[in-house]
Amino acid sequence: MVLHKKTVSLVALFLLLLVISSNYVLYHSSFGLQSLPGNFNGVVVGSILDLSLVAPLLFLAWQRKFSLKYFIVLMATGLIAARFIIPSEYLASFQSVMWLGVGIEGVLILFELSLLFMLVKNVPPILRRIKSSSLPLLFSFSRAVNEKFSKQPFIHVLCSEMLMFYYAFGTWKKQPSTEENTFTLYKRSSFITFQIMIIHAIVIETLGLHWLLHNTSMTLSIVLLILNIYSIVFFIGDIQALRLNPLRVEDDRIYVSFGLAKRIEISFKDIEEIIEDTHTLEQKIPNTTIEFIARDFETVHPDLLLTLKSPVEATLFMGIKKKYQQVAIRVDDPHAFKKIVKERLEKAQPDELI
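Asks: Would you mind showing me how to read the side chain of S52 here?
Replies: Here S52 shows up in helix 3 (residues 41–63). At a separation of 2.6 Å, a polar atom in the side chain of S52 contacts the main-chain carbonyl oxygen of I48.

Put into structure tokens, the structure is as follows:
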């Protein structure tokens with residue numbers, strides 16, 4: 001079933017790229033322009049439907065996320081994209097349709113700005129909530145935001161970006177926790193070294209591409225420059241978040257995060273089984289499992305696998321939520337980690353066989 005869903009998602013992505021690329025080639029290549037009929041209105045209508053209806057549906061199928069609001073946003077985005085893909089001389093008869101997309105996007109932008117104003121207004125109580133909490137910042141910040149904006153994806157994305165900039169620029173004087181119940185995830189690997197290598201590669205690529213493109217396409221050069229700067233900031237923030245947020249085992253739950261990419265809160269009461277069997281741990285990890293493993297050039301396996309009684313929600317990049325049935329963890333001190341997890345699990349589930 002999981003494989004079937006993944007196949008459908010990949011097919012939808014392929015068709016999405018095919019729809020967008022074929023429409024672009026139709027209006028921006030000699031072959032495409034020569035194939036246009038004398039009365040091109042029918043072709044333009046087909047392109048508008050492709051970009052505002054077919055492409056959004058394929059995007060939703062690829063993401064496996066169906067929402068009416070999301071679909072309306074994608075339709076408006078498709079209409080705006082049509083203004084750039086289809087030459088203006090072909091759109092003379094369809095200006096009202098094109099402005100509809102701009103109008104919808106304008107209304108949505110105003111709505112998001114109102115949410116931003118609400119976020120700014122609630123920053124002081126959110127900060128007070130964080131300061132009064134003993135949880136790791138990644139978790140206390142997320143919990144404080146959820147209390148105020150539980151069903152606002154835009155706010156969650158914005159707060160995720162705020163965390164990235166905070167860790168990238170505001171944490172250089174902070175030191176990682178060294179408490180007995182905390183465990184680092186990266187010291188048994190070259191993961192941070194690998195991240196630094198990627199940053200160096202992006203810097204070199206940025207300088208090279210910017211120099212090559214600034215005379216031929218200044219717009220593309222600036223767009224790539226902004227994307228590369230964002231990537232560098234993300235990797236720096238991700239490294240700092242990984243260093244400063246070790247896995248923490250409390251009396252009733254485990255707080256585990258892997259940089260800015262993912263985090264999950266696991267109650268011991270929700271754990272059904274701890275798997276330590278080497279053969280099982282070395283098998284391919286299924287899609288229903290979230291990994292907290294620092295990977296580099298070597299093949300590594302988790303120290304233990306936590307099977308949950310029911311799927312537990314994790315927070316991924318950009319505040320995306322997803323539920324998982326198992327949690328694979330690899331720490332730098334596996335013996336001490338296994339010991340404390342078993343002790344806390346026995347206290348939480350005294351009548352169950354572990």
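Having put the structure on the table, let's press on.
Asks: How should the environment of A348 be read in this particular structure?
Replies: Looking at where A348 falls in the secondary structure, it is placed in helix 11 (residues 334–348). With a relative accessible area of 25%, A348 lands in the partly exposed category. For the pair A348 and R253, spaced 95 residues apart in sequence, the C-alpha separation works out to 9.2 Å. In this view, A348 contacts F268 and K269; residues no more than four positions away in its chain are not counted.

Asks: Is there a simple way to explain the pairing of strand 8 (residues 321–329) in this structure?
Replies: Successive side chains on a regular strand alternate, one facing one side of the sheet and the next facing the other. As defined by bridge partners, strand 6 (residues 289–292) adjoins strand 8 across four bridges and the pair is classed as parallel. Bridge pairing in strand 8 links I290 to V327. The pairing of strand 7 (residues 304–316) with strand 8 spans eight bridges and is classified as antiparallel. For A314, the partnering residue across the bridge sits in strand 8 and is K322. Count of turn residues in the strand 7/strand 8 antiparallel hairpin: four residues, of which M318 carries a positive phi of about 65 degrees.

Asks: Can you walk me through helix 11 in this structure?
Replies: Given 3.6 residues per helical turn, the α-helix brings residues three or four places apart onto the same face. In a regular helix each residue adds 1.5 Å, so 15 residues correspond to 21 Å; helix 11 covers 21 Å between its end C-alpha atoms and thus fits that length. Within the span of helix 11, buried status applies to P334, F337, K338, I340, V341, R344 and L345. Turning to helix 11, the residues buried within the fold contact strand 1 (182–183), strand 2 (247–249), strand 3 (253–258), strand 5 (271–275), strand 7 and strand 8.

Asks: Please clarify how the pattern of salt bridges should be interpreted in this entry.
Replies: For side chains bearing opposite charge, pairing can occur when the charged atoms are close. Tallied over the full model, the rule gives 10 salt bridges. Here K342 and E276 are joined by a salt bridge, their closest N and O atoms 2.7 Å apart. With K342 in helix 11 and E276 in the loop between strand 5 and helix 10 (278–281), the pair connects residues that are 66 residues apart, well separated along the chain. Residue class for K342 comes out partly exposed when judged on its relative accessible area of 32%. When salt bridges with common partners are traced through the structure, they connect R143, D252, R253 and E265 into a single cluster.

Asks: Would you take a moment to explain the packing of helix 7 (residues 153–169) against helix 9 (residues 218–244) for this structure?
Replies: One way to put it is that helix 7 packs onto helix 9 with a least axis distance of 7 Å and a crossing angle of 75 degrees. On the basis of their axis angle, the class for helix 7 and helix 9 is roughly perpendicular. Every residue of helix 9 that contacts helix 7 at E161, M164, F165, Y167, A168 and F169 is listed here: Y230, V233, F234, I236, G237, Q240, A241 and L244. For the contact of helix 7 with helix 9, the class distribution of residues is 11 nonpolar, two polar and one charged.

Asks: Which parts of the structure should I look at to understand the nonpolar core?
Replies: Generally speaking, soluble globular proteins have nonpolar side chains that are buried together. With 60 residues, the main nonpolar core has L247, I254, I264, I266, L306, V327 and F337 as its most contacted residues. Ranked by the residues each element gives to this core, the list is headed by helix 9, at eight residues. With residues up to four places along the chain from it excluded, the contact list for F337 reads F183, L247, V249, L304, I329 and V331. Formed by 11 residues, the second largest nonpolar core is a distinct cluster that contains L51, L79, I86 and Y90.

Asks: When you look at helix 4 (residues 68–85) in this model, what are you seeing that I'm missing?
Replies: Under the 1.5 Å per step criterion, the end-to-end length of helix 4 is 25 Å for 18 residues, consistent within 8% with the ideal 26 Å. For helix 4, the full list of buried residues reads F71, L74, A76, G78, L79, A82 and I85.

Asks: I'm lost on a nonpolar patch on the surface in this one. Help?
Replies: Nonpolar side chains collect at one region of the surface, where V45, L49, L53, V54 and L57 lie side by side and expose about 370 Å² of accessible area between them. Relative to the helices and strands, L57 is located in helix 3.

Asks: Sorry if this is basic, but what is going on with the packing of helix 3 against helix 4 here?
Replies: Axis angle and axis distance: for two packed helices, these are the angle between their axes and the distance between the axes, and together they describe the pair. Direction vectors running N to C along helix 3 and helix 4 enclose 135 degrees, while the axes themselves pass 8 Å from each other. Taken together, the axis directions place helix 3 and helix 4 in an arrangement best described as oblique. Like other packed secondary-structure pairs, helix 3 and helix 4 cross with a definite hand, here right-handed. Two secondary-structure elements touch here, helix 3 through I48, L51, S52, L53, P56, L57, F59 and L60 and helix 4 through Y70, F71, L74, M75, G78, L79, A82 and I85. Here the residues of the contact of helix 3 with helix 4 are counted per class, giving 14 nonpolar, two polar and no charged.

Criteria and thresholds
Residues numbered from 1 in each chain as written. Predicted model: local features only at pLDDT ≥ 70, side-chain atom pairs only at ≥ 80, totals over all residues. Heavy atoms only, no water. Helix = DSSP H or I, 4+ residues; strand = E, 2+ residues; numbered from the N terminus. Polar contact = N/O pair within 3.5 Å; in protein donor to acceptor, adjacent residues only side chain to side chain. Buried < 20%, exposed > 50% of the residue type's maximum accessible area, 1.4 Å probe, protein only. Contact = heavy atoms within 4.5 Å. Pairing = 2+ DSSP bridges. Expected span 1.5 Å × (residues − 1). Salt bridge = Lys/Arg side-chain N within 4 Å of Asp/Glu carboxyl O. Axes fitted to C-alpha atoms, helices over the stretch in contact; angles between N-to-C directions. Parallel < 35°, antiparallel > 145°, perpendicular 65-115°, else oblique. Nonpolar A, V, L, I, M, F, W, Y, C, P; charged D, E, K, R; others polar. Core = buried A, V, L, I, M, F, W, Y, C linked by side-chain atoms within 4.5 Å. Patch = residues over 30% accessible without salt bridge, like charges linked within 9 Å, V, L, I, M, F, W, Y side chains within 5 Å. Areas by Shrake-Rupley, 256 points an atom, 1.4 Å probe, with all protein chains shown as cover. Left-handed = near helix turned anticlockwise from the far one by under 90°.

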